[in-house]
Amino acid sequence: MVVGGWLVAGFCAFSIAAAAGAARPAAAGSCPHFGRPALAADPRPHALRVFAIQFEQQPAEMLTAASFSHAIDCAMRIEVAPYLAQGRPNLVVFDEDLGLQTLAIGPRGAGARALLRHGVSSCRGQAFPCATLATLSALDTGYATPLKYLALPFPALRGQLGRAFVAATDVFVRVFMATMATEARRYGVYVIASNTQAPFRLTRDPRVVAALRDPSTPGVHSVYLPTAGRAYDQTFIWGPGVIHPSAPAPLANLLASNRKVPLTSFEQALGFAAGPGRGPAARANLRPFAIPGTGAHVGFATSLPAFAYGSARRGHECDSVAATYVRCLDRLGANVLIQADANDGQWSGPDGSDAAERWQPLSWMGSAWRAVTDPTVHFTYAVNPMLVGNLSDTPFDGQSSILQRGRRGNGCHYAGDGSFVPGEDDPALRGYSGAKPQFLALAPWTVPDAPRASLRSVGAALAAGTDAYHYVQTAVIADLPFPADRGRQGCVVAGR
């Protein structure tokens, strides 16, 4: 059957208890540090309360499935549960690539965890992607048995740099998806989270089980088998209650999903597949999801698609969504843009796509902030949670935010965006600098705002993994009523 755009078959015997067990509540007092969340409250009836979680990845610490579920439940218990709205829906939005960490769990991920923890000696002094490639190689070694089995139905898999993302399908579904599904039901909320994985089906074929199961789970008698030889960057939404009672636990409350298009050059190099770019399939992939009991119609624009405006004649916004993704979402009626993000670069560094811009926070204004200021689209709100933390020699950084169209009053800005810097900034982005009242809630950066030269030195230290500075793990929260109140409280900044 089709669930949220995924082909899923073989709903035979499956241990619901085993999947739910991957998301046991975290033990009291054992959670990492989280900053004080920012709450931009406007508690009118039917106002959706949204939580954007700025999550720090720790793949080297993901020893087992319980390690991942513990980390997620810590975020839910500390940053979400005390602030839940009563009597109206709550939506918790995690970042892009949240499930990536589960690649490293169990004995198959031990080699990669060791490299992530201790570094790659042969890569000392060498720039990206030396350590990243070494980590991918360690994952290929760990997943050698699944890769050997999958090479027969998917011979092209051998040539893919990111083939481990297909080999780990069972782990992704059994751990990442099961955890998020369970957390949504446990706390009675909607949950959005992303991962890069292949489409799949459930099977009890003993040969497949032997090839794909985690070696540390000998009692497992069914596995999730990839039905394609390429992985898609997917954003999922789970609901607070079961809607597919005959489905396995990870899918029982799955409401919808979206496949990312277009892809970054790095994702293309890894061999990932893009979502559909044209026709009915493309429009179905972008179709907004309405949150019952609210006026919110959420549309997914995972990272790069949130920058893809392009130009199109009225009525043709969805003809080629890779070029006009944001305009298609607007045409389809989305009024809340969800930009789950994993920005692979130093926040204090240059932009990866604009060669004329040397300061990424300024170019970043061309995504979520533009969505609520550009007069040619009509989004009322934008929600942009960002992943932080280093992965081998790839730093991930940013400042999570929730924004509103048309708000008046005090303004705020990303680090280093207080003023335009002639000779350094792209002249086309001059209007992106300065304090902006559209920010409802904003996560701080690692240090308070300062001259860019000082911020760059902090960013370099973060990327190098020194102990001098630390990424901020926190949450930004806001109520999203319709119609929006232009005079409401805003620019609430979370704590470090």
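Computed from a prediction, not measured in an experiment: that's the story for all the values here. (Residues numbered from 1 in each chain as written. Predicted model: local features only at pLDDT ≥ 70, side-chain atom pairs only at ≥ 80, totals over all residues. Heavy atoms only, no water.)

Undergrad: Just checking my understanding: could you explain the packing of helix α3 (residues 110-118) against helix α4 (residues 130-142) for this structure?
TA: When two helices pack together, their arrangement is captured by the angle between the axes and the distance separating the axes. As a packed pair, α3 and α4 sit with axes 7 Å apart at the nearest point and diverge in direction by 160°. By the angle between their directions, the pair α3 and α4 is classed as roughly antiparallel. By crossing handedness, the relation of α3 to α4 is classed as right-handed. Contact with α3, carried on its side by G111, A112, L115 and L116, involves A134, T135, A138 and L139 of α4 and no other residues of that element. (Axes fitted to C-alpha atoms, helices over the stretch in contact; angles between N-to-C directions. Helix = DSSP H or I, 4+ residues; strand = E, 2+ residues; numbered from the N terminus. Parallel < 35°, antiparallel > 145°, perpendicular 65-115°, else oblique. Left-handed = near helix turned anticlockwise from the far one by under 90°. Contact = heavy atoms within 4.5 Å.)

Undergrad: Would you take a moment to explain the environment of D354 for this structure?
TA: The residue D354 is located in the loop between β13 (336-338) and α13 (360-363) in this model. Between the C-alpha atom of D354 and that of D426, which follows or precedes it by 72 residues, the distance is 8.3 Å. Discounting residues that sit within four places of it in the chain, D354 has contacts with D426 and L429.

Undergrad: Please explain the pairing of strand β5 (residues 90-93) as it appears in this structure.
TA: Successive residues of a regular strand alternate their side chains across the two faces of the sheet. The alternating pattern of β5 places N90 and V92 and L91 and V93 on opposite faces, both of which are buried. Of the strand pairs in this sheet, β5 and strand β6 (residues 190-197) are connected by 3 bridges, and their pairing is parallel. Bridge pairing in β6 links V92 to V191. (Buried < 20%, exposed > 50% of the residue type's maximum accessible area, 1.4 Å probe, protein only. Pairing = 2+ DSSP bridges.)

Undergrad: What am I meant to see in the nonpolar core here?
TA: Inside soluble globular proteins, nonpolar side chains tend to come together where they are buried. Core analysis: the largest hydrophobic core is formed by 72 residues, its most contacted members being F94, M180 and W238. Looking at which element gives the most residues to this core, the answer is helix α7 (residues 169-187), with 10 residues. Membership of the second largest hydrophobic core comes to 44 residues, among which are A371, A415, Y432 and F439. (Core = buried A, V, L, I, M, F, W, Y, C linked by side-chain atoms within 4.5 Å.)

Undergrad: I tried to follow the sheet that holds strand β9 (residues 232-238) on my own but got confused; where do I start?
TA: Sheets are built from strands paired through backbone hydrogen bonds, the pairs being either parallel or antiparallel. Taken in spatial order, the 7 strands of this open sheet run β3-β19-β4-β5-β6-β9-β10, and their pairing is mixed. At either margin of the open sheet sits one strand with a lone partner, and together these are β3 (38-40) and β10 (254-259). Direction aside, the axes of adjacent strands within the sheet are offset by 20° on average. Packed on one face of the sheet, α7 meets β6, β9 and β10 and runs near 170° to β6.

Undergrad: Would you explain empty space enclosed by the protein in this entry?
TA: Once rolled over the atoms, a probe with the size of a water molecule shows which space is left empty. Overall, the coordinates contain 1 cavity of 30 Å³ or more when judged by the stated rule. Considering only enclosed or pocket space, the largest cavity measures out at about 30 Å³ in volume. Lining the largest cavity are Q346, W347, S348, P395, D397, W445, G459, L462, A463 and Y471. Of all the elements, helix α15 (residues 452-464) adds the most residues to the lining of the largest cavity, at 3 residues. Its residues assigned to classes, the lining of the largest cavity shows 6 nonpolar, 3 polar and 1 charged. (1 Å grid on protein atoms, 1.4 Å probe; cavity = no way out; pocket = protein on both sides within 12 Å on 5 of 7 lines; lining within 4 Å. Points joined across faces, edges and corners; volume = space filled by probe spheres on them. Nonpolar A, V, L, I, M, F, W, Y, C, P; charged D, E, K, R; others polar.)

Undergrad: Looking at this structure, I do not really get the environment of F272. What am I missing?
TA: Within the element layout of this structure, F272 appears in the loop between α10 (265-270) and α11 (279-286). Through-space distance from the C-alpha of F272 to that of Q197 is 8.8 Å; in sequence the pair is 75 residues apart. Residues in contact with F272, not counting those within four places in the same chain, are G162, F165, T196, R230, A231, L263 and E267.

Undergrad: In this structure, what is going on with the state of the cysteines? I would like to understand it.
TA: Covalent bonding between the sulfur atoms of two cysteines is what defines a disulfide. By the definition in use, this model includes 4 disulfides. Across the disulfide, C412 is cross-linked to C491 (sulfur-sulfur distance 2.4 Å). Here C412 and C491 share a disulfide; its torsion about the S-S bond, -90°, makes the bridge left-handed. You can see C412 sitting in the loop between β17 (401-404) and β18 (439-442) and its partner C491 sitting in the loop between β19 (474-480) and β20 (492-493), a full 79 residues away along the chain. As far as the burial class goes, C412 and C491 line up, both buried. With its disulfide-bonded cysteines labelled consecutively along the sequence, the protein is connected as 1-2, 3-4, 5-6, 7-8. (Disulfide = S-S within 2.5 Å.)

Undergrad: I keep staring at the pattern of salt bridges and nothing clicks. Help me out?
TA: Pairing of side chains with opposite charge becomes possible as their charged atoms draw close. Enumeration according to the criterion identifies 17 salt bridges in this entry. Measuring nitrogen to oxygen at the nearest pair gives 3.0 Å for the salt bridge that ties R88 to D479. You can see R88 sitting in the loop between α2 (65-80) and β5 and its partner D479 sitting in strand β19, a full 391 residues away along the chain. Pair check on accessibility: R88 and D479 agree, each one buried. A salt bridge links R163 to D140; the shortest N-O distance between them is 2.9 Å. Placement of R163 in the loop between α5 (144-150) and α6 (164-167) and of D140 in helix α4 is noted, with a sequence separation of 23 residues between them. Here R163 falls in the partly exposed class, since its relative accessible area comes to 23%. (Salt bridge = Lys/Arg side-chain N within 4 Å of Asp/Glu carboxyl O.)

Undergrad: When you look at α2 in this model, what are you seeing that I'm missing?
TA: Turn by turn, an α-helix covers 3.6 residues, leaving residues three or four places apart pointing in a common direction. Under the 1.5 Å per step criterion, the end-to-end length of α2 is 22 Å for 16 residues, consistent within 8% with the ideal 22 Å. Taken together, the buried positions of α2 are S67, F68, S69, A71, I72, D73, C74, A75, M76, E79 and V80. (Expected span 1.5 Å × (residues − 1).)

Undergrad: Any chance you could explain the side chain of S400 here in plain terms?
TA: Mapped onto the elements of the fold, S400 is located in the loop between β16 (394-396) and β17. Relative accessible area serves as the criterion here: at 1%, S400 is assigned to the buried category. Apart from residues lying up to four places away in sequence, S400 is in contact with Q54, N384, P385, M386, A441, L442, A443 and V476.

Undergrad: Explain the packing of aromatic side chains here, please?
TA: Where two aromatic rings form a pair, the distance of their centres and the angle of their planes describe that pair. The full count for this structure, using the stated rule, is 15 aromatic pairs. Ring centres 5.2 Å apart and planes at 80° place the aromatic pair F307 and W364 in the edge-to-face group. Taken as a pair, F307 in the loop between β12 (297-300) and α12 (321-331) and W364 in the loop between α13 and α14 (368-371) lie far apart in primary sequence, 57 residues in all. Seen in terms of ring centroids, Y381 and F482 are 5.4 Å apart; in terms of plane orientation they differ by 85°. Their pairing is edge-to-face. Of the two residues, Y381 sits in strand β14 (residues 381-384) while F482 sits in the loop between β19 and β20, which places them 101 residues apart along the sequence. (Phe/Tyr/Trp six-rings, centres within 6.5 Å; stacked < 30°, edge-to-face > 60°.)

Undergrad: What is the right way to look at unusual backbone geometry in this model?
TA: The general pattern is negative phi for most residues beyond glycine and trans for most peptide bonds. Following F128, the chain continues to P129 via a peptide bond in cis, the omega torsion being 10°. In this structure, P262 follows V261 across a cis peptide bond, with omega equal to 0°. The backbone of S303 sits at a positive phi, close to 65°, despite the residue not being glycine. Mapped onto the elements of the fold, S303 is located in the loop between β12 and α12. Accessibility expressed as a relative area gives 9% for S303, which makes it buried.

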